[in-house]
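Given next are the chains, with one letter for each unit.
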Amino acid sequence: MRKVIKYFAISTGSIIILLTAAIAILYYFYADQLIRYTVAQVNKKLAVKVDVQQVNLEFVKNFPHVAIALNHASVISNDSRHDTLLTAGHIYLQFNILKIIKKKYIIEGIGISNARVQIDLDSSGNFAHTLLIKKDNSDTSSEIFDIRRIVIKKTELYIRIQQKEKISAQIHQLRFNGEIKPEFLKGQLVVNSEKIKMDFNSENKYIKNLKITTDLYRDSLKSNLSGKFQINHENF
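Given the structure is predicted, the values throughout are model-derived calculations rather than measurements.

A. Looking closely at the overall build of the chain. A count of helical and extended segments in the chain gives 2 helices and 9 strands. Its helices and strands in sequence order give the chain the pattern α-β-β-β-α-β-β-β-β-β-β, from N to C terminus. A total of 236 residues make up the chain; the buried ones form 34% of that total. In the chain, 55% of the contacts between residues at least 6 apart in sequence involve partners at least 24 apart. Of the roughly 15,500 Å² of accessible surface on the chain, 57% is carried by carbon and sulfur atoms.

Here it is in structure tokens:
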């Protein structure tokens, strides 16, 4: 029994040492290059203004992924209204460690926490603000987004239609795993919301403790949801 414990302790210690060494190597050789490259490429893709107070490389909270942490960040629309679309204590842009070593800097995951998100829709249900710059044929820059997962925690969500607030929600946690492409979106969505307020014909309705687990698909032709919707309390 003592030999088993001894071997287990040695193996665990070796793994910790290797992980620590790998993190140190990544930070020393790749941190500055990864941050500078990513910030430059993201700015080329975005049609909105992003303000960030602090940027650093983060390992522990996003393990087994490496992430660029954007701390105290805000996203502001570039139109005449200059609406604040997002404020967040932390935004994490996640990367695959092995791809970083190969110098393939591709954002595969996004994490957001302690945030306020505003989504504006027009009368047809389309986004009122342009988020990404449309890529033309002359753009030879490499693609930096290949989103496979999104995690949102402790976030207030507000949805407005034609400048009028219609839905607000307190999101405890939202997780999406799948694929997000310009031409389609598919994957599994899990949402835990503490409270949702909806405006129906100027009358407020509330839902508490909403839980959703669903398979999600959307392209230019159709949208589909199939899964479980659980409401623990409502006042309809």
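B. Fine view of the nonpolar core. Of all hydrophobic cores here, the largest spans 39 residues; its most connected members are Ile68, Leu86, Ile91 and Phe95. For this core, the secondary-structure elements that each account for two or more residues are α1 (2-45), β2 (66-76), β3 (84-95), β4 (107-121), β5 (145-161), β6 (164-180), β7 (184-200) and β8 (203-219). It is β3 that provides the largest number of residues to this core, a total of 6 residues. Look past the residues within four positions of Leu86 in its chain and what remains in contact with it is Ala73, Ser74, Val75, Ile91, Ile112, Ala115, Arg116 and Val117.

C. Structural detail: a nonpolar patch on the surface. Nonpolar side chains collect at one region of the surface, where Val50, Val52 and Val55 lie side by side and expose about 170 Å² of accessible area between them. With respect to the helices and strands, the residue Val52 is situated in strand β1 (residues 49-58).

D. Inspection of the layout of surface pockets at higher detail. The calculated volume of the second largest pocket comes to roughly 320 Å³. Forming the boundary of the second largest pocket are 16 residues, of which Lys61, Asn62, Gln94, Val151 and Lys153 lie nearest the centre. The set of elements that each furnish at least two residues to the lining of the second largest pocket consists of β3, β4, β5 and β6. Classifying every residue of the lining of the second largest pocket by side-chain character gives 5 nonpolar, 7 polar and 4 charged.

E. Highlighting the pattern of salt bridges. A full pass over the atoms with the stated rule returns 6 salt bridges. Within the structure, one salt-bridge network assembled from shared partners comprises Asp146, Arg148, Glu179 and Lys186.

F. Layout of the pairing of β5. Here 13 bridges tie β4 to β5, and the two strands are oriented parallel to one another. Note on β5: the bridge partner recorded for Asp120 is Arg160. Counting the residues that bridge the hairpin from β5 to β6 gives 2 residues, and of these Gln162 lies at a positive phi of roughly 55°.

G. How the structure looks around the pairing of β2. Counting buried positions over the 11 residues of β2 gives 10, a clear majority of the element. With 9 bridges joining them, β1 and β2 adopt antiparallel strand pairing. Residue pairing in the sheet places Lys49 in a bridge with Ile76 of β2. As paired elements, β2 and β3 share 10 bridges and run antiparallel to each other. Within β3, the residue paired with Ala69 across the bridge is Tyr92.

H. Layout of the side chain of Thr155. Turning to its location among the elements, Thr155 is positioned in strand β5. The buried category is assigned to Thr155, whose relative accessible area is 4%. Of the polar contacts made by the side chain of Thr155, one reaches the backbone oxygen of Lys153; its length is 3.0 Å. Every residue in contact with Thr155, bar those within four places of it in the chain, is listed here: Ile112, Asn114, Ala115, Arg116, Val117, Ala169, Gln170 and Ile171.

I. Focus on unusual backbone geometry. Positive phi, close to 60°, is recorded for Lys103, a residue that is not glycine. At Asn114, a residue that is not glycine, the phi angle is positive and equals roughly 50°. Examined against the element boundaries, Asn114 turns out to sit in strand β4. Overall, Asn114 belongs to the partly exposed group, its relative accessible area being 46%.

J. Representation of the environment of Arg175. By the secondary structure assignment, Arg175 is in strand β6. Taking relative accessible area as the criterion, Arg175 reaches 35% and is therefore assigned partly exposed. Each C-alpha atom, one on Arg175 and one on Ile150, is 5.7 Å from the other, the two residues being 25 residues apart in sequence. The residues touching Arg175, leaving out its near neighbours within four places in the chain, are Ile150, Val151, Lys153, Gln188, Leu189 and Val190.

What counts, and where the lines are drawn
- Residues numbered from 1 in each chain as written.
- Predicted model: local features only at pLDDT ≥ 70, side-chain atom pairs only at ≥ 80, totals over all residues.
- Heavy atoms only, no water.
- Helix = DSSP H or I, 4+ residues; strand = E, 2+ residues; numbered from the N terminus.
- Buried < 20%, exposed > 50% of the residue type's maximum accessible area, 1.4 Å probe, protein only.
- Contact = heavy atoms within 4.5 Å.
- Areas by Shrake-Rupley, 256 points an atom, 1.4 Å probe, with all protein chains shown as cover.
- Core = buried A, V, L, I, M, F, W, Y, C linked by side-chain atoms within 4.5 Å.
- Patch = residues over 30% accessible without salt bridge, like charges linked within 9 Å, V, L, I, M, F, W, Y side chains within 5 Å.
- Salt bridge = Lys/Arg side-chain N within 4 Å of Asp/Glu carboxyl O.
- 1 Å grid on protein atoms, 1.4 Å probe; cavity = no way out; pocket = protein on both sides within 12 Å on 5 of 7 lines; lining within 4 Å.
- Points joined across faces, edges and corners; volume = space filled by probe spheres on them.
- Nonpolar A, V, L, I, M, F, W, Y, C, P; charged D, E, K, R; others polar.
- Pairing = 2+ DSSP bridges.
- Polar contact = N/O pair within 3.5 Å; in protein donor to acceptor, adjacent residues only side chain to side chain.

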